[in-house]
Amino acid sequence: MGTGKPRLLIGTSNEGKLRELSSLLSECPFALVSLTDVGIDADVAETGSTLEENAALKATTNSRMSGLVTLADDSGLEVEALGGEPGVFSSRYAGPGATDAQRIAHLLGKLNDVSEEEWRARFRCVIAVAWPGGAMDLFTGECHGRIVRTPRGDSGFGYDPVFFLPELGRTMAELSPAEKNRISHRAEAARKAAAALKRMVAEMGRAETPRPP
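Remember, it's a predicted structure, so these values are computed and weren't measured experimentally.

*Asks:* Explain the overall build of the protein chain to me, and be specific about the residues and the numbers.
*Replies:* Counting its secondary structure elements, the protein chain contains five helices and seven strands. Walking the protein chain from its N terminus toward its C terminus, one meets helices and strands in the order β-α-β-α-β-α-β-β-β-β-α-α. Expressed as a percentage of its 213 residues, the buried residues of the protein chain come to 47%. Across the protein chain, the fraction of contacts at a sequence separation of at least 24, relative to all contacts at a separation of at least 6, is 60%. For the protein chain, the exposed surface amounts to about 10100 Å²; the carbon and sulfur share of it is 51%.

Printed below as a string of structure tokens:
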């Protein structure tokens, strides 16, 4: 790559996540590369029953395919009144191929008979870092808020337009990228992962040496 840094593969084909993670990890002692950069065009099936399982599955599979240290995440919206739904099924809540707008509409339909006072929710993110040789680390982050009936804002992606942050008086989709990257669930998990990656490189002494299994 010409940077003198080891490469870190960001294991997602979601363009929104790729942009956010690339920004959040910009201070990492790694040269960030995408699946496209390394010629991987197959999505890893999210067959896990938890965010942790899916993040680990994506990280380990793409690390094995690329031979690189790989970071992948799984994140989900958990709505208290729905018993934690959509959770691990957040991206598939309205069925395969649904748009963000369709997923939001499906969520609001589920909440239609529930008092809006009970629409408390949280975003949760799990980041997995897989090392060639088999070692893996998990990092988590959360962001608490509530669902609102009318989508607001045109930034972000997913359920951001209906995820309201009371302390800011705005939805996640009304925040600038810089604001979102200070308070989001993915930002919290990424900060933890970045700090661990920095420590690991320092401990290894030689940046290109993979972490032993």
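*Asks:* How would you explain helix H1 (residues 15-24) if you had to name every residue and give the values?
*Replies:* Side chains that are three or four residues apart share a direction in an α-helix, a result of its 3.6 residues per turn. Within the sequence span of H1, burial applies to Gly16, Lys17, Leu18, Glu20, Leu21 and Leu24. For H1, the capping residue at the N-terminal end is Asn14, with a side-chain oxygen 2.9 Å from the backbone nitrogen of Gly16.

*Asks:* I'd like to hear about the sheet that holds strand S3 (residues 69-79), residue by residue, with values.
*Replies:* Read from one edge to the other, the open sheet built from seven strands follows the order S2-S1-S3-S4-S5-S6-S7, with strand pairing classed as mixed. Edge positions in the sheet fall to strand S2 (31-34) and strand S7 (170-171), since each has one partner strand and no second. The strands touched by helix H2 (residues 51-66) within the sheet are strand S1 (7-10), S3, strand S4 (120-130) and strand S5 (136-147), with S3 carrying the most contacts at an inclination of about 160 degrees.

*Asks:* Break down the pairing of S5 for me, citing the residues and quoting the values.
*Replies:* Pairing of S4 with S5 involves eleven bridges; the strand directions are antiparallel. Directly across from Ile127, in S5, lies its bridge partner Phe139. Here S4 folds back onto S5, and the loop between the two strands holds five residues, one of which, Gly133, carries a positive phi near 110 degrees.

*Asks:* Any chance you could break down the pattern of salt bridges for me, citing the residues and the numbers?
*Replies:* Tallying each qualifying case throughout the model produces 19 salt bridges. Linking Arg122 and Glu78 is a salt bridge whose minimum nitrogen-to-oxygen distance equals 2.6 Å. In this pair, Arg122 sits in strand S4 while Glu78 sits in strand S3, placing the two residues 44 residues apart along the sequence. You can call Arg122 partly exposed: its relative accessible area is 26%.

*Asks:* Hey, could you go over helix H3 (residues 100-110) for me, with residue numbers and the actual values?
*Replies:* Those residues of H3 that fall on the buried side of the exposure criterion are Arg103, Ile104, Leu107 and Leu108. Relative to the axis of H3, the buried residues are bounded by an arc of 135 degrees and lie together on one face. Each element contacted by the buried residues of H3 is listed here: S3 and S5.

*Asks:* Would you mind going over the environment of Gly156 in detail, with residue names and values included?
*Replies:* Position of Gly156 relative to the elements: it lies in the loop between S5 and strand S6 (163-165). Residue classification places Gly156 among the partly exposed positions, given a relative accessible area of 39%.

*Asks:* Kindly report on the pairing of S1, identifying the contributing residues and their values.
*Replies:* Two strands pair when backbone bridges link them, and S1 and S2 are joined in this way by four bridges, in the parallel orientation. Residue pairing in the sheet places Arg7 in a bridge with Ala31 of S2. In this view, the connection linking S1 to its parallel neighbour S2 by way of H1 has right-handed handedness. In the sheet, S1 pairs with S3 via three bridges, with the strands oriented parallel. Paired with Leu8 across the bridge in S3 is Val69.

Calculation criteria
Residues numbered from 1 in each chain as written. Predicted model: local features only at pLDDT ≥ 70, side-chain atom pairs only at ≥ 80, totals over all residues. Heavy atoms only, no water. Helix = DSSP H or I, 4+ residues; strand = E, 2+ residues; numbered from the N terminus. Buried < 20%, exposed > 50% of the residue type's maximum accessible area, 1.4 Å probe, protein only. Contact = heavy atoms within 4.5 Å. Areas by Shrake-Rupley, 256 points an atom, 1.4 Å probe, with all protein chains shown as cover. Polar contact = N/O pair within 3.5 Å; in protein donor to acceptor, adjacent residues only side chain to side chain. Pairing = 2+ DSSP bridges. Axes fitted to C-alpha atoms, helices over the stretch in contact; angles between N-to-C directions. Salt bridge = Lys/Arg side-chain N within 4 Å of Asp/Glu carboxyl O. Arc of directions from axis to C-beta. Right-handed = clockwise from strand over helix to strand, strands pointing away.

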